[in-house]
Amino acid sequence: MKRHLRLRDSLFASVCGLILSTQQAFAFTIVSPADGSTLKSGQAVTAKVDLGADSGIVKVRYYWYGEQAETLVQQDDSDASIMPPQDKLSGGGFSGKDSISSAPVVAIASLSSGSQQTPPFGGTLNVPKDAIGPMRLLAVAEISRGRLGTRTVFDEVIVKVEPEAALQTIDFETDKPLQLGRTGQSSAFGHVDSLGKVFELPVVGEFADGVVRPLASPASGTSYQSSNSAVIKVLNDGMLQIVGNGKAIVTVKNRGKQASLDVNVTVNDEPNEPPVADAGRNKTVKAGTKVKLSGLNSRDPEGEALYYSWSQIRGSKVPLLDVNGPEASFQAPHASEPRTYRFKLRVTDKKGADSLPAFVDVTVEP
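Residues numbered from 1 in each chain as written. Predicted model: local features only at pLDDT ≥ 70, side-chain atom pairs only at ≥ 80, totals over all residues. Heavy atoms only, no water.

### Side note on the overall build of the protein chain
- Helix and strand counts for the protein chain stand at one helix and 26 strands.
- Out of the 366 residues belonging to the protein chain, those deemed buried represent 43%.
- Within the protein chain, counting contacts between residues at least 6 apart in sequence, those at least 24 apart form 67% of the total.
- Total accessible area on the protein chain stands at roughly 18,800 Å², and carbon and sulfur atoms take up 51% of it. (Helix = DSSP H or I, 4+ residues; strand = E, 2+ residues; numbered from the N terminus. Buried < 20%, exposed > 50% of the residue type's maximum accessible area, 1.4 Å probe, protein only. Contact = heavy atoms within 4.5 Å. Areas by Shrake-Rupley, 256 points an atom, 1.4 Å probe, with all protein chains shown as cover.)

### Focus on the packing of aromatic side chains
- All chains considered together, the criterion is met by three aromatic pairs.
- With 5.2 Å between their ring centres and 70 degrees between their planes, phenylalanine 154 and tyrosine 341 make a pair best called edge-to-face. Linking phenylalanine 154 in strand S10 (residues 150–162) with tyrosine 341 in strand S25 (residues 339–349), this pair joins segments that are 187 residues apart in sequence.
- Accessibility expressed as a relative area gives 6% for phenylalanine 154, which makes it buried. (Phe/Tyr/Trp six-rings, centres within 6.5 Å; stacked < 30°, edge-to-face > 60°.)

### Remarks on the side chain of threonine 251
- Tracing the backbone through its elements, the reader meets threonine 251 in strand S19 (residues 246–254).
- A distance of 3.1 Å separates polar atoms of two side chains, one belonging to threonine 251 and the other to serine 260. (Polar contact = N/O pair within 3.5 Å; in protein donor to acceptor, adjacent residues only side chain to side chain.)

### As for unusual backbone geometry
- Residues serine 32 and proline 33 are joined by a peptide bond in cis, for which omega reads 0 degrees.
- Locating proline 33 in the fold gives a position in the loop between strand S1 (29–32) and strand S2 (38–40).
- Cis geometry marks the peptide bond from lysine 176 to proline 177, where omega comes out at -5 degrees.
- Along the chain, the position of proline 177 falls in the loop between strand S11 (167–172) and strand S12 (178–180).

### Some details on the nonpolar core
- Membership of the largest hydrophobic core comes to 28 residues, with the highest contact counts inside it found for Leu293, Trp310, Phe330, Phe343 and Val362.
- At the level of secondary structure, the elements contributing two or more residues to this core comprise strand S4 (57–66), strand S9 (133–144), strand S22 (290–294), strand S23 (306–314), strand S24 (327–331), S25 and strand S26 (358–365).
- Not counting the four nearest positions on each side in its chain, leucine 293 is found in contact with Trp310, Leu320, Pro326, Glu327, Ala328, Phe330, Phe343, Val360 and Val362.
- Residues Ile132, Leu201, Leu240 and Ala248 belong to the second largest nonpolar core, which totals 27 residues. (Core = buried A, V, L, I, M, F, W, Y, C linked by side-chain atoms within 4.5 Å.)

### Side note on the confidence of the model for the protein chain
- On average, residues of the protein chain score 85 in pLDDT, and 82% of them reach the 70 mark or higher.
- Across residues 99–103, where pLDDT falls below 50, the model places 10 contacts with residues more than four positions away in sequence or in other chains. (pLDDT = per-residue confidence, 0-100.)

### Regarding the pattern of salt bridges
- Under the criterion given, the structure shown has 14 salt bridges.
- Here glutamate 142 and arginine 61 are joined by a salt bridge, their closest N and O atoms 3.4 Å apart. Within this pair, whereas glutamate 142 is found in strand S9, its partner arginine 61 is found in strand S4, the two being separated by 81 residues in sequence.
- For arginine 61, a relative accessible area of 9% puts it in the buried group.
- Across the pair arginine 314 and glutamate 156 runs a salt bridge, and its minimum N-O distance is 2.9 Å. One end of the pair, arginine 314, is in strand S23; the other, glutamate 156, is in strand S10, and 158 residues separate them in sequence.
- Among the residues examined, arginine 314 registers a relative accessible area of 17% and is labelled buried.
- The class of glutamate 156 is buried, set by a relative accessible area of 9%.
- Bridged by salt links that share partners, the residues Arg136, Glu156 and Arg314 form one connected network. (Salt bridge = Lys/Arg side-chain N within 4 Å of Asp/Glu carboxyl O.)

### Details of the sheet that holds S4
- Ordered by their spatial adjacency, five strands build an open sheet running S2-S10-S9-S4-S7, and the pairing between neighbours is mixed. In the strand order of this sheet, the two ends are held by S2 and strand S7 (111–113), each with one partner. Here the average twist between neighbouring strands, direction ignored, is 35 degrees.
- When S9 meets S10, the two strands line up antiparallel, connected through 12 bridges. Residue pairing in the sheet places valine 140 in a bridge with phenylalanine 154 of S10. (Pairing = 2+ DSSP bridges. Axes fitted to C-alpha atoms, helices over the stretch in contact; angles between N-to-C directions.)

### Remarks on the layout of surface pockets
- Considering only enclosed or pocket space, the largest pocket measures out at about 1,400 Å³ in volume.
- Those elements that place two or more of their residues in the lining of the largest pocket are S4, S9, strand S13 (198–200), S23 and S25.
- Residue classes in the lining of the largest pocket are distributed as 21 nonpolar, 10 polar and nine charged. (1 Å grid on protein atoms, 1.4 Å probe; cavity = no way out; pocket = protein on both sides within 12 Å on 5 of 7 lines; lining within 4 Å. Points joined across faces, edges and corners; volume = space filled by probe spheres on them. Nonpolar A, V, L, I, M, F, W, Y, C, P; charged D, E, K, R; others polar.)

### Re the sheet that holds strand S17 (residues 232–234)
- Pairing is antiparallel across the open sheet formed by three strands, whose spatial order is S13-S18-S17. In this open sheet, the two edge strands, each paired with only one partner strand, are S13 and S17. Adjacent strand axes in the sheet meet at a mean angle of 35 degrees when their direction is disregarded.
- As paired elements, S17 and strand S18 (residues 239–242) share three bridges and run antiparallel to each other. For valine 234, the partnering residue across the bridge sits in S18 and is leucine 240.

### Quick word on the pairing of S22
- Side-chain alternation along S22 places Val291 and Leu293 on a buried face and Lys290, Lys292 and Ser294 on a face that remains uncovered.
- Across five bridges, S22 lies against S24 in antiparallel orientation. Within the sheet, the bridge partner assigned to valine 291 lies in S24 and is phenylalanine 330.

The following block contains the structure:
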């Protein structure tokens, strides 16, 4: 009797699992490539989505970003190589402003697909040739609402990209030797190097396939070493910090290759500790509500005034207001199921010292 009961329960569980596995996703979802998969640089992959219960989808656009790269405003199908006046694209889309340079920036879709493509709203998608390390694939679906216009939903996966070609050389893309600082000059909001300043060096590698790839991020396999930590200190995520005057040699290594850079630091020796960025706690909000991001708990050890810089690094782009203020805000977009938006905050003190980045996730629910 017990054997029959176990058999019945096993069959019931199998049937339920089969039903669940064949059910459609509740909302728009990227099916392929799968989250966490490993791809090759330049590889052609098949993009496939499950529309779920999101009806009225007329177009899906796909965008590649580095894992920590800023999310740009999505481009319409029009040519965005020339920016029309007032940062408006001819197809009706709008560009955004870079959080650091304030220059107009717009994302170019790697693939734009409709219902007639195979598979529907998907198709062949090429991994960027110069990609390496973690990459985000963002799929933005445009939903028609008739006279009410359109709205969008999105899904995003993170994949790991590895080049098939071997690394031949690695080098710094900067002046050699690198001179940091202008002794005796005052600095404001990071325009002049000073003690405590945090910075990143551009590092690139040339591979056997002739492609030059960015290698500054440790996620690409790069490690850093400073010969004099009393002058240049190695921090997390490939960041370096000026901690004193003098000379240091910064060495990078990746895939058995290495390069070194002589760094000379001559800054105003006024003691200065870098500020600390605090982007607030992760939060969950309802679609349609106004969301406030708070950096008010950011602090400077010397009590200096702070300069703020907010940017978005996950999720479909939202219009972020007051990006250079302590409190940025945005309107939570429509969501068919919970979707996560990630934001980055860096602060700079009056002497020019920068903080390490701080991050906050905002999950938007229907």
